[in-house]
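Below are the chains, spelled out letter by letter.
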Amino acid sequence: MRFRHPDGSTVHLAYCTNVHPAETLDGVLAQLRDHCEPVRRRLGRDRLGIGLWLAKDAARALVTDPAALRGLRCELERRGLEVVTLNGFPYEGFGAEEVKYRVYKPDWADPERLEHTAALARVLAGLLPDDVTEGSISTLPLAWRTAYDDERAETARTALRTLATRLDALEELTGRSVRVALEPEPGCVVETTHDAIAPLTAVGHDRIGICVDTCHLATSFEDPDTALDDLVRAGVPVVKSQLSAALHAEQPHLPEVREALAAFAEPRFLHQTRTSTPAGLRGTDDLDEALAGDALPDAGPWRAHFHVPLHAAPAAPLTSTLPVLKSALTRLVGGQHPLTRHLEVETYTWQALPPELRPRGRAQLADGIAAELTLARDLLTDLGLKELP
């Protein structure tokens, strides 16, 4: 979906396909048929943006076979879909029964992360619509915080500088500009937007910037205006933003609140949980750890890294951080000029929701994704952007 900003630029809105597990190119093609096109039809649009997640095997198939890449591009066009952004965070196995810490491997100190991301950039350059010259790729924020020392930090910085050089060469070759965005996430080396400033300044290249995920922003209790103002002052480009909402518990000391939270503690994904205290941010790596005894102070609200549907906040006594998303979006695209032109709805946890909230079958999932995109579209038009055909 495309929108015209009052300054005349085009803002793109997509939804991320990491909600549909697929490890192979055949699986990706099936996603387009079974999920993405039905969402587009529900929205009544001739064109729908999707943020593709391409696992290792799918990416390699596309980058090594020009015919396969042309075939994917043709299939996108045939189904009324377009791609301007990729989710390059998960490497493989995102549809596994247990993902947890695996999603952070390989990290940016591992040569394979560089090679995979460079391959994604070449693929994206071949998938961009004819009238679009700029693409974006989100990636993990350097590494999970453990086992990350000064040597690995320097290796990661060198890898990002190498990537920037390759992206320069890619634009010279193709005329397409691809930028890569570190996505701050709780528990990682770069947990907050503020944490991103120093390493991105050290890399020192405008092709490497930040992806602001509004669930992660909220989980870390960051104020959107402060966070984005700090990025602007530091000259860190906001390459893309993922529109997502975290799980919020206002009174975690109450037994009924803990019981409600326990329904979201599931074995597949990591649900880092945070609370803001006078001494600073406190947290656990997972929701079940927070619920175990006194692992986390409960005098103030808790927020958990659980991407809940944008249009359907959990029932009381829980809610979501949708207000944080709205505040961030206002700052991102509501000003005189947009801070970013790539927006991606990313609710990958539909099948990890408590059983009674999960969609039953493809049709209900498509209904839910379409409802999220409708909410995002309405927020954008309320900010003065005009939806384009």
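Residues numbered from 1 in each chain as written. Predicted model: local features only at pLDDT ≥ 70, side-chain atom pairs only at ≥ 80, totals over all residues. Heavy atoms only, no water.

There is about 340 Å³ of room inside the largest pocket. Taken together, 21 residues line the largest pocket, and the ones lying closest to its centre are Glu134, Arg179, Leu339, Thr340 and Arg341. When residues of the lining of the largest pocket are traced back to their parent elements, those giving at least two are β2 (10-16), β5 (134-139), β6 (177-182) and β8 (238-243). Among the elements that line the lining of the largest pocket, the one with the most residues is β5, at 3 residues. Its volume calculated, the second largest pocket comes out at about 230 Å³. For the second largest pocket, the lining is made up of 22 residues, of which Val19, His20, Pro21, His35 and Leu365 are closest to its centre. (1 Å grid on protein atoms, 1.4 Å probe; cavity = no way out; pocket = protein on both sides within 12 Å on 5 of 7 lines; lining within 4 Å. Points joined across faces, edges and corners; volume = space filled by probe spheres on them. Helix = DSSP H or I, 4+ residues; strand = E, 2+ residues; numbered from the N terminus.)

Moving on, we come to the nonpolar core. Judged by nonpolar contacts, the single largest core of 114 residues is most densely connected at Leu13, Tyr15, Ile50, Leu54, Trp108 and Leu373. A per-element tally of this core places helix α12 (residues 362-382) first, with 9 residues. Contact partners of Tyr15, with chain neighbours within four places excluded, come to His20, His35, Cys36, Val39, Leu48, Gly49, Ile50, Gly51, Glu344, Val345, Ile369 and Leu373. Ranked by size, the runner-up nonpolar core spans 5 residues in total, among them Leu217, Ala227, Val324 and Ala328. (Core = buried A, V, L, I, M, F, W, Y, C linked by side-chain atoms within 4.5 Å. Buried < 20%, exposed > 50% of the residue type's maximum accessible area, 1.4 Å probe, protein only. Contact = heavy atoms within 4.5 Å.)

Further remarks concern the packing of aromatic side chains. To describe a pair of aromatic rings, one takes the distance between the centres and the angle between the planes. Considering all chains together, one arrives at 8 aromatic pairs under this definition. With a centroid separation of 5.2 Å and 45 degrees between ring planes, the pair formed by Phe94 and Phe269 is classed as tilted. In this pair, Phe94 is assigned in the loop between β4 (81-87) and α4 (111-127) and Phe269 in the loop between α9 (255-262) and β10 (273-277), connecting sequence segments 175 residues apart. Consider the rings of Phe269 and Tyr348, whose centres lie 4.9 Å apart with planes at 75 degrees: the pair is edge-to-face. Of the two residues, Phe269 sits in the loop between α9 and β10 while Tyr348 sits in the loop between β14 (342-345) and α12, which places them 79 residues apart along the sequence. You'll find Phe269 and Tyr348 in the same group, each marked buried. (Phe/Tyr/Trp six-rings, centres within 6.5 Å; stacked < 30°, edge-to-face > 60°.)

Here helix α8 (residues 224-234) crosses helix α11 (residues 322-333) at 35 degrees, and the two axes come no closer than 9 Å. Seen along the crossing, α8 lies across α11 with a hand that is right-handed. Between α8 and α11, the residues in contact are Pro224, Asp225, Leu228, Asp229 and Val232 and Val324, Ser327, Ala328, Arg331 and Leu332, respectively. Taken together, the residues that form the contact of α8 with α11 break down as 6 nonpolar, 1 polar and 3 charged. (Axes fitted to C-alpha atoms, helices over the stretch in contact; angles between N-to-C directions. Left-handed = near helix turned anticlockwise from the far one by under 90°. Nonpolar A, V, L, I, M, F, W, Y, C, P; charged D, E, K, R; others polar.)

Summed over all chains, the structure comprises 4 cavities of 30 Å³ or more. Reported here for the largest cavity is a volume of approximately 160 Å³. As for the largest cavity, its lining consists of 17 residues, and the residues nearest its centre are Phe94, Val103, Glu185, His305 and Tyr348. In terms of residue class, the lining of the largest cavity is built from 9 nonpolar, 4 polar and 4 charged.

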